[in-house]
Amino acid sequence: MRQQNMNRDWKATARTLSEALPYLQRFAGAVVVVKFGGNAMGDDEAMAEFARDVVLMRLVGINVVVVHGGGPMINDLLNRLGIKSEFVRGKRVTDKATVEVVEMVLTGLVNKRIVQAIMDEGGRAVGLSGKDDDLMVCVADDPELGFVGKPVEMNVQVLRDLFKAGIIPVVAPVATGMSALETFNVNGDTAAGAIAGALQADRLLLLTDVSGVKDKDGNVLTEIHPDQIRAMTADGTIAGGMIPKTETALLAIEQGVRAVVILDGRVANACLLELFTEHGAGSMIRA
Ligand code: X2W
């Protein structure tokens, strides 16, 4: 029914859409990789909202790929199974039992929840892991970490095929190795960076639970040059969980990704705010 509810500023809604035109034009046909971290995933309503943003991006012609994490969900099942787990330099030490749980949780529970959420919002999504069509082939990152993978070979044709069909690929960061039936657990940021690099993406959006990269005084920097990231890492301003993200960003830019944005995925419509408004969101890193 046509509603002329006076309690809402519909003209502002129409104006917002109109103001988005230059951004819609800029990103039509672009490749955008969205890393959706486990800490950015909220309840069903937040998941639906994220899915709605992704479906909208696809509808306006963006070739969008979702690469997800799921660290908290892996912790939950490991706890229930009584398997202890620890992190070294932001990566999970992964033995044989752990990698089995990681694969079950990421490619099963988490991947299918995102696929389902996108389908529910009227998009088309297909879930896959690094194993499917050899999308991501890894070697061991560091002997100390066990089955943690470092991507060494990317085969992104399957993603391009899905783009062509209007399908949103949803990728779990689990990979295959060089020898038969080897499985690797890959940090979600690392996987997203490798996929963005191989696709020469226009944007890599790293959705997390902090508002961006902060300077010494705790202010979020809206735009940062890679050299500044290196200096801030050397002097300890960038530390802890931010390090894998900024490292991913630097590597992705070296590989030809146009810009990387680290932003708070818990903020409503974070992706739309970043891509389609002058305001933007979080911290953009570009050369
Ligand atoms: C991660 C994979 C999931 C992930 C892990 O086992 O937790 C490594 O640390 P978030 O939610 O993005 O942190 N893998 C090697 O990255 O999840």
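Look a little higher up for the structure.
Residues numbered from 1 in each chain as written. Predicted model: local features only at pLDDT ≥ 70, side-chain atom pairs only at ≥ 80, totals over all residues. Heavy atoms only, no water.

(A) Local environment of the nonpolar core. Val34, Phe36, Met57, Ile114, Ile118, Leu207 and Phe276 are the most contacted members of the largest nonpolar core, which totals 46 residues. In terms of residue count, helix H5 (residues 96–120) provides more of this core than any other element does, nine residues in total. Phenylalanine 36 has contacts with Met41, Met47, Phe50, Val66, Val67, His68, Gly69, Ile114 and Leu207, leaving out every residue within four places of it along the chain. (Core = buried A, V, L, I, M, F, W, Y, C linked by side-chain atoms within 4.5 Å. Buried < 20%, exposed > 50% of the residue type's maximum accessible area, 1.4 Å probe, protein only. Helix = DSSP H or I, 4+ residues; strand = E, 2+ residues; numbered from the N terminus. Contact = heavy atoms within 4.5 Å.)

(B) Highlighting the site of the ligand. Lys35, Gly38, Gly70, Arg92 and Gly188 are the nearest of the 15 residues found near the ligand. Glycine 38 has a polar backbone atom sitting 2.7 Å from an oxygen atom of the ligand. Separating an oxygen atom of the ligand from a backbone N or O atom of glycine 71 is a distance of 3.0 Å. If the ligand stood free it would expose 430 Å²; the protein chains cover 91% of that surface. Most atoms of the ligand, that is more than half of them, are within 2 Å of grid points of the largest pocket. Secondary structure elements with two or more residues in the shell around the ligand: helix H4 (71–81) and strand E4 (91–92). When grouped by side-chain class, the residues that make up the shell around the ligand number four nonpolar, eight polar and three charged. (Near = heavy atom within 4 Å. Polar contact = N/O pair within 3.5 Å; in protein donor to acceptor, adjacent residues only side chain to side chain. Areas by Shrake-Rupley, 256 points an atom, 1.4 Å probe, with all protein chains shown as cover. 1 Å grid on protein atoms, 1.4 Å probe; cavity = no way out; pocket = protein on both sides within 12 Å on 5 of 7 lines; lining within 4 Å. Sits in = over half its atoms within 2 Å of the grid points. Nonpolar A, V, L, I, M, F, W, Y, C, P; charged D, E, K, R; others polar.)

(C) Region of the structure containing the side chain of asparagine 185. As for its placement among the helices and strands, asparagine 185 is situated in strand E10 (residues 183–185). Take asparagine 185: its relative accessible area is 9%, and that puts it in the buried class. Among the polar contacts listed, one links the side chain of asparagine 185 to the side chain of threonine 94, at a separation of 3.1 Å. Dropping the residues within four chain positions of it, asparagine 185 is found in contact with Arg92, Thr94, Val99, Val102, Phe147, Val148, Gly149 and Pro173.

(D) Expanded view of the side chain of lysine 35. Relative to the helices and strands, lysine 35 is located in strand E1 (residues 31–36). By relative accessible area, lysine 35 is classed as buried at 6%. Within polar-contact distance, the side chain of lysine 35 engages the side chain of aspartate 189 at 2.9 Å. When near neighbours in sequence (up to four residues on either side) are disregarded, lysine 35 contacts Val67, His68, Gly69, Gly188, Asp189, Ala192, Leu205, Leu206, Leu207 and Lys245.

(E) Spotlight on the packing of H4 against H5. At a minimum axis distance of 9 Å, the contact between H4 and H5 shows a crossing angle of 130°. What the angle tells us is that H4 and H5 run oblique. The two elements H4 and H5 cross, and the hand of that crossing is right-handed. Residues Met73, Ile74, Leu77, Leu78 and Leu81 of H4 pack against Thr98, Val101, Val102, Val105, Leu106 and Val110 of H5. Among the residues forming the contact of H4 with H5, the class breakdown is ten nonpolar, one polar and no charged. (Axes fitted to C-alpha atoms, helices over the stretch in contact; angles between N-to-C directions. Parallel < 35°, antiparallel > 145°, perpendicular 65-115°, else oblique. Left-handed = near helix turned anticlockwise from the far one by under 90°.)

(F) Up close: the pairing of strand E13 (residues 259–264). By the criterion of burial, E13 is predominantly enclosed, with six of the six residues buried. Bridge analysis of strand E11 (residues 203–208) against E13 gives six bridges, and the strand direction is parallel. In the strand pairing of E13, threonine 208 is matched with aspartate 264. Across three bridges, the pairing between E13 and strand E14 (residues 283–285) is antiparallel. The residue bridging valine 261 from the neighbouring strand is methionine 284, located in E14. (Pairing = 2+ DSSP bridges.)

(G) Representation of the sheet that holds strand E12 (residues 223–224) within the structure. Across the sheet, which stays open at both edges, the eight strands sit in the order E5-E8-E2-E1-E11-E13-E14-E12 with mixed pairing between neighbours. Looking at the sheet topology across the chains shown, the edges are occupied by strand E5 (125–129) and E12. Two strands pair when backbone bridges link them, and E1 and E11 are joined in this way by five bridges, in the parallel orientation. By the bridge assignment for E11, valine 32 is matched with arginine 203. Across the face of the sheet, helix H9 (residues 242–254) comes into contact with E1, E11, E13 and E14 while running at roughly 155° to E13.

(H) Focus on the environment of valine 152. You can see valine 152 is positioned in strand E7 (residues 149–154). With 14 residues separating them along the chain, valine 152 and cysteine 138 place their C-alpha atoms 5.3 Å apart. Filtering out sequence-adjacent residues up to four positions away, valine 152 remains in contact with Val137, Cys138, Val139 and Met178.

Take it as geometry only, folks, not as evidence of what the structure does.
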